Amino acid sequence: MVQIRWKLTTIPSAIRWQWRKLKVSVNSLFYNHFMDQGYMADVCMEPMFWFVDNFTKFLGPFFVAAVCGLTASVVAIAYWIGLPYWWNKSPWATVVLMIIGHWLLINICFHYYMAANTHPGYPPEGALIPEAASICKKCIAPKPPRTHHCSVCNKCILKMDHHCPWLNNCIGHYNHRYFFMYMAYMCVGVLFLIIFGFQLAYNEVWIGVEEMDEDDDSRIEGHPVRFNNSVLIPVTELMANVSLLETSQPYEGRSLRQSCLIYMAFINTGVLIALGALTLWHARLISRGETSIEANINKAETKRLAEKSKVYINPYDFGRRKNWRLFLGIVRGRTWRHVLLPSPHKPTGEGLTWHTVHSDTEDDSEDDSNKGEYMKDP
């Protein structure tokens, strides 16, 4: 009897003890000095982020194949339909258009290949980096200024802008210029095709459809009818042959040429709208001397310092003209020839140190230890 009572008293105590252990274990997994709702949301969303990152990495080669296939199809249609059309219209104009078109095509192919195959730049592994501004929490390694961790590549990227699935590569210090130039030349290229292919598409697609207007009596083909002032009376002796005549004259749909022109119109218009908006946005970021990641950081810092009656200054903003010269690499004797023609020149610097608005000269590399937070009274 005593043994039974002892068991009844120890079982609830053991359950309570196990419950306490479970609570401590759970709290030890989630407790942090910076614990808040945002931190909890990140912890809960981490499996979804992992899935998206790995899914993006898996689909990268397919995106690259899609870009190459769509570009090749548009170029093939331009050769097949557009080239003979302009040659019959004006051989001299065709020669000029061929020169401009091939200049654009070469730049598009070159910059896309370089953007996809040039590594964006990584911090040196296993080496002391005195220029490091912080420690990467995922790599557990020194992180130079303007460097961010890419969860898709699982590496830190120098001057990281974003991970582009259409290139299956990160956009960073060494391939940022190639990426932007590809977008710019692609927008100019599709606009070139739209302008000089509009008349051709209008004649073969739109006018061809309009000529089948039902209101045009000269285009009506069918059975003889008799008219009076009130009703339309069909000839009864021919009504028996209606089904036979309809089956013997099948409907003629769009031709292959018309379908290809419509396909080109949709592809070029979509690319011009989507890629054009992205190009303008990146051009605005370049004018301000920042990347897409830094744009969000600078916006948050501007808002935070504004509450303290201070003004945030982007340390890498040297003015619109100088920002573009540094981005395009038009320094040290380079000219616009290196922009208008394919050029594999590398950007200025190694991406570990960055001159700021407080630097004395453009090419000096000084230790940037203050993380880019510069303030002044308004």
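As the structure is a prediction and not an experimental result, all values here were calculated from the model.

I tried to follow a nonpolar patch on the surface on my own but got confused; where do I start?
Taken together, the side chains of M45, M48, W50, F51, V52, F55, F58 and F62 present a nonpolar region at the surface, about 890 Å² in accessible area. Of note, F51 is situated in helix α2 (residues 37-89).

I keep staring at the packing of aromatic side chains and nothing clicks. Help me out?
Two descriptors summarise a pair of aromatic rings, namely the distance from one centre to the other and the angle between the planes of the rings. Per the counting criterion, the structure on display carries 12 aromatic pairs. Relative to Y178, the ring of F110 has its centre 6.3 Å away and its plane inclined at 85 degrees; by these criteria the two rings are edge-to-face. In this pair, F110 sits in helix α3 (residues 91-117) while Y178 sits in helix α4 (residues 176-210), placing the two residues 68 residues apart along the sequence. Cluster of aromatic residues (ring-pair linked, three or more members): Y85, W86, F192 and F196. Over the ring of W86 we find K89; its NZ or CZ atom is 4.8 Å from the centre of that ring. Across the ring face of W354, the terminal group of R146 is positioned such that the distance to the ring centre comes to 4.7 Å.

Got a minute to help me understand unusual backbone geometry in this structure?
Excluding glycine, residues mostly have negative phi values, and the peptide bonds linking residues are mostly trans. The backbone of K159 shows a phi angle near 45 degrees, a positive value even though the residue is not glycine. If you trace the backbone, K159 turns up in the loop between β4 (155-157) and β5 (162-164). Even without glycine at this site, R332 takes up a positive phi of about 55 degrees. Following the sequence through the fold, R332 ends up in the loop between α8 (320-328) and α9 (337-340). Judged by relative accessible area, R332 falls into the exposed class, the value being 59%.

What counts and how
- Here the residue index of a chain counts from 1 through its sequence in written order.
- Two thresholds apply to this predicted model, a pLDDT of at least 70 for residue-level local features and 80 or more for giving and counting side-chain atom pairs, whereas whole-chain, interface and lining totals are computed over all residues.
- The side-chain numbers reported here are obtained from all heavy atoms of the structure, hydrogens and water having been left aside.
- What goes into a patch is any residue over 30% in relative accessible area without a salt bridge, connected to like charges within 9 Å or, for nonpolar side chains (Val, Leu, Ile, Met, Phe, Trp, Tyr), within 5 Å.
- Accessible surface is estimated by sampling points in the Shrake-Rupley manner with a 1.4 Å probe; for residues, cover comes only from the protein chains shown.
- The working definition used for a salt bridge is a side-chain nitrogen of Lys or Arg within 4 Å of a carboxyl oxygen of Asp or Glu.
- For helices the rule is a DSSP run of H or I covering at least 4 residues; for strands it is a run of E covering at least 2, with both sets numbered from the N terminus onward.
- Aromatic pairing here means that ring centres of Phe, Tyr or Trp (its six-membered ring) are within 6.5 Å. Orientation follows from the plane angle: under 30 degrees is stacked, over 60 is edge-to-face, and everything else is tilted.
- In this scheme, Lys NZ or Arg CZ marks a charge over a ring once it lies within 6 Å of the ring centre and within 35 degrees of the ring normal.
- Burial classes: relative accessible area under 20% of the type maximum marks a residue as buried, over 50% as exposed, and values in between as partly exposed (1.4 Å probe, protein chains only).

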